[in-house]
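Each chain, written out:
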Amino acid sequence: MTHGGMGMGNDNGDDEESAGCGIDREPDPSDSLRTWGAVSQALREHAGYSRAEFADLVRFSKHTVESVELGRRMPDVTFVERADELLGNTGALRRSSKYVTRGDVGLAAWFRQWARLEKVAVSLCTYECRLVPGLLQSEDYARAVFEGTVPVAPDEQLESFMAKRMERQRMLWERPTTPFSFIVEEHVFRRRFGGSEQMRELFDHVLELSAPRNVTLQIVPLGAGLHACLDGPLQLLETPKGRRLAYSEGQQNGRLISDAKEVRLLHQRYDTLRSQALNAKESRCLLERLRGEL
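Described in the following lines is the structure provided in the data block. Just so you know, these numbers come straight off a predicted model, no measurement behind them.

## Quick word on the side chain of Glu128
Topologically, Glu128 is positioned in strand 1 (residues 123–128). The buried category is assigned to Glu128, whose relative accessible area is 3%. One polar contact links Glu128 to Arg130, side chain to side chain, over a distance of 2.5 Å.

## Points about the packing of aromatic side chains
Here the structure, examined in full by the defined rule, presents 7 aromatic pairs. On the basis of an interplanar angle of 70 degrees and a centroid distance of 5.3 Å, the ring pair of Phe60 and Phe79 is categorised as edge-to-face. With Phe60 in the loop between helix 2 (51–58) and helix 3 (62–69) and Phe79 in helix 4 (residues 77–86), this residue pair connects regions lying 19 residues apart in the sequence. Taken individually, Phe60 and Phe79 each receive the classification buried, so the pair is uniform in this respect. Ring centres of Trp114 and Tyr247 lie 5.6 Å apart, and the angle between their planes is 25 degrees; this geometry places the pair in the stacked category. One end of the pair, Trp114, is in helix 6 (residues 112–120); the other, Tyr247, is in strand 5 (residues 244–250), with 133 residues separating them in the sequence. Looking at Tyr247, the relative accessible area reads 2%, which means it is buried.

## Side note on helix 7 (residues 139–147)
Residues of helix 7 that are buried include every one of Tyr141, Ala142, Val145 and Phe146, and no others. Burial along helix 7 is one-sided: seen end-on, the buried residues are contained in an arc of 130 degrees. As for helix 7, its buried residues are in contact with helix 8 (155–168) and helix 11 (196–209).

## Looking at the pattern of salt bridges
In the structure shown here, the tally under the stated rule is 18 salt bridges. A salt bridge links Asp204 to Arg291, with the shortest nitrogen-to-oxygen separation between them at 2.6 Å. Taken together, the residues Asp204 in helix 11 and Arg291 in helix 13 (residues 280–292) connect sequence positions 87 residues apart. Overall, the relative accessible area of 28% leaves Arg291 in the partly exposed class. Through salt bridges that share partners, Arg44, Glu45, Arg51, Glu66 and Glu69 make up one connected network.

## Remarks on the sheet that holds strand 5
Pairing within the open sheet is mixed, and its 6 strands lie in the order 3-2-1-4-5-6. Looking at strand neighbours, the two that pair on one side only are strand 3 (215–220) and strand 6 (253–257), the edges of this open sheet. Strand-to-strand twist in this sheet, taken as the mean axis angle between neighbours without regard to direction, amounts to 10 degrees. By the bridge criterion, 5 bridges tie strand 5 to strand 6 in an arrangement that is antiparallel.

## Examining the pairing of strand 2 (residues 180–185)
For strand 2, the buried fraction is high: 6 of the 6 residues fall into the buried class. Every second residue of strand 2 is oriented toward a common face, with Phe180, Phe182 and Val184 on one face and Ser181, Ile183 and Glu185 on the other, all of them buried. As judged from the 5 bridges shared by strand 1 and strand 2, these two strands associate in the parallel manner. Bridge pairing in strand 2 links Leu124 to Phe180. Strand direction decides the pairing type here: strand 2 and strand 3, joined by 6 bridges, are parallel. What sits directly across from Phe180, in strand 3, is Val215.

## Section: empty space enclosed by the protein
Within the structure shown, the criterion is met by 2 cavities of 30 Å³ or more. Counted as a void, the largest cavity has a volume near 60 Å³. Surrounding the largest cavity, 11 residues form its lining, Glu128, Arg130, Pro233, Leu234 and Gln235 being those nearest its centre. Partitioned by chemical class, the residues of the lining of the largest cavity number 4 nonpolar, 4 polar and 3 charged.

## Some words on the environment of Asp76
Structurally, Asp76 can be placed in the loop between helix 3 and helix 4. Considered as a pair, Asp76 and Ser97 are 21 residues apart in the sequence and their alpha carbons are 9.5 Å apart.

## So, the nonpolar core
Among the nonpolar cores identified, the biggest contains 36 residues, and Phe182 and Phe189 are the most heavily contacted of them. With 6 residues, the top contributor of residues to this core is helix 11.

Reading the values: rules and limits
Residues numbered from 1 in each chain as written. Predicted model: local features only at pLDDT ≥ 70, side-chain atom pairs only at ≥ 80, totals over all residues. Heavy atoms only, no water. Helix = DSSP H or I, 4+ residues; strand = E, 2+ residues; numbered from the N terminus. Buried < 20%, exposed > 50% of the residue type's maximum accessible area, 1.4 Å probe, protein only. Polar contact = N/O pair within 3.5 Å; in protein donor to acceptor, adjacent residues only side chain to side chain. Phe/Tyr/Trp six-rings, centres within 6.5 Å; stacked < 30°, edge-to-face > 60°. Arc of directions from axis to C-beta. Contact = heavy atoms within 4.5 Å. Salt bridge = Lys/Arg side-chain N within 4 Å of Asp/Glu carboxyl O. Pairing = 2+ DSSP bridges. Axes fitted to C-alpha atoms, helices over the stretch in contact; angles between N-to-C directions. 1 Å grid on protein atoms, 1.4 Å probe; cavity = no way out; pocket = protein on both sides within 12 Å on 5 of 7 lines; lining within 4 Å. Points joined across faces, edges and corners; volume = space filled by probe spheres on them. Nonpolar A, V, L, I, M, F, W, Y, C, P; charged D, E, K, R; others polar. Core = buried A, V, L, I, M, F, W, Y, C linked by side-chain atoms within 4.5 Å.

Encoded structure:
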């Protein structure tokens with residue numbers, strides 16, 4: 001679940017090259033964790049050990065060996081040392097283990113690749129018809145979203161979600177020359193959560209974050225009728241190398257779109273919706289009016 005984008009990714013020069021790959025749907029393991037596990041398994045099999053034999057030799061349970069090899073568990077330092085000695089003593093497992101990281105807590109598996117691309121994008125466009133976009137959510141709004149998810153997240157996980165969400169918003173003021181465009185349905189801002197004070201804080205937060213010249217917020221008014229983006233939420237970006245990509249999301253899944261023809265169509269829809277939505281000044285006036293009605 002991203003609810004407007006959850007979590008962060010690593011700035012990585014390879015992100016753009018990997019954008020055409022399928023979205024990772026494992027909920028917890030990171031790419032590096034699964035890669036390290038797969039390599040260690042290949043070395044074990046090449047050495048001729050069964051998983052049970054190898055477990056006895058490294059003095060860990062067969063279950064632990066399996067979990068490490070499948071990328072479900074971080075390799076213990078002792079495990080790494082014993083495995084490396086047993087599988088050729090080349091130092092490869094020791095050195096590579098330094099770069100193994102856990103999956104990002106607070107970042108939905110299907111959103112990870114997009115989040116990495118988003119961090120280095122030279123432009124970002126977002127259309128939302130469900131929730132206030134993650135980059136614009138107030139702290140109370142974000143917490144209400146996370147607390148309402150099913151299944152219920154443990155308290156410590158919820159706090160990680162919150163930290164990721166608030167950290168991600170820093171993009172808006174840390175990148176003053178990057179264009180950020182948001183188009184949001186009016187009913188999204190009319191959906192109540194908490195009390196009037198929390199709603200006012202949300203409007204104030206959105207007005208503050210959308211004030212810089214590089215951030216454009218447009219609202220699709222209730223009276224606008226049917227429009228070009230009715231198929232659902234949409235995000236678009238351009239990479240530093242000039243590649244245009246898109247991302248769409250549904251229940252418990254997301255899709256990174258790299259096909260040039262499809263991305264071009266989605267850009268056309270977004271551009272059409274821009275002309276159908278209120279302009280930036282009118283949108284701010286609407287938010288201020290909604291705030292005044294509380």
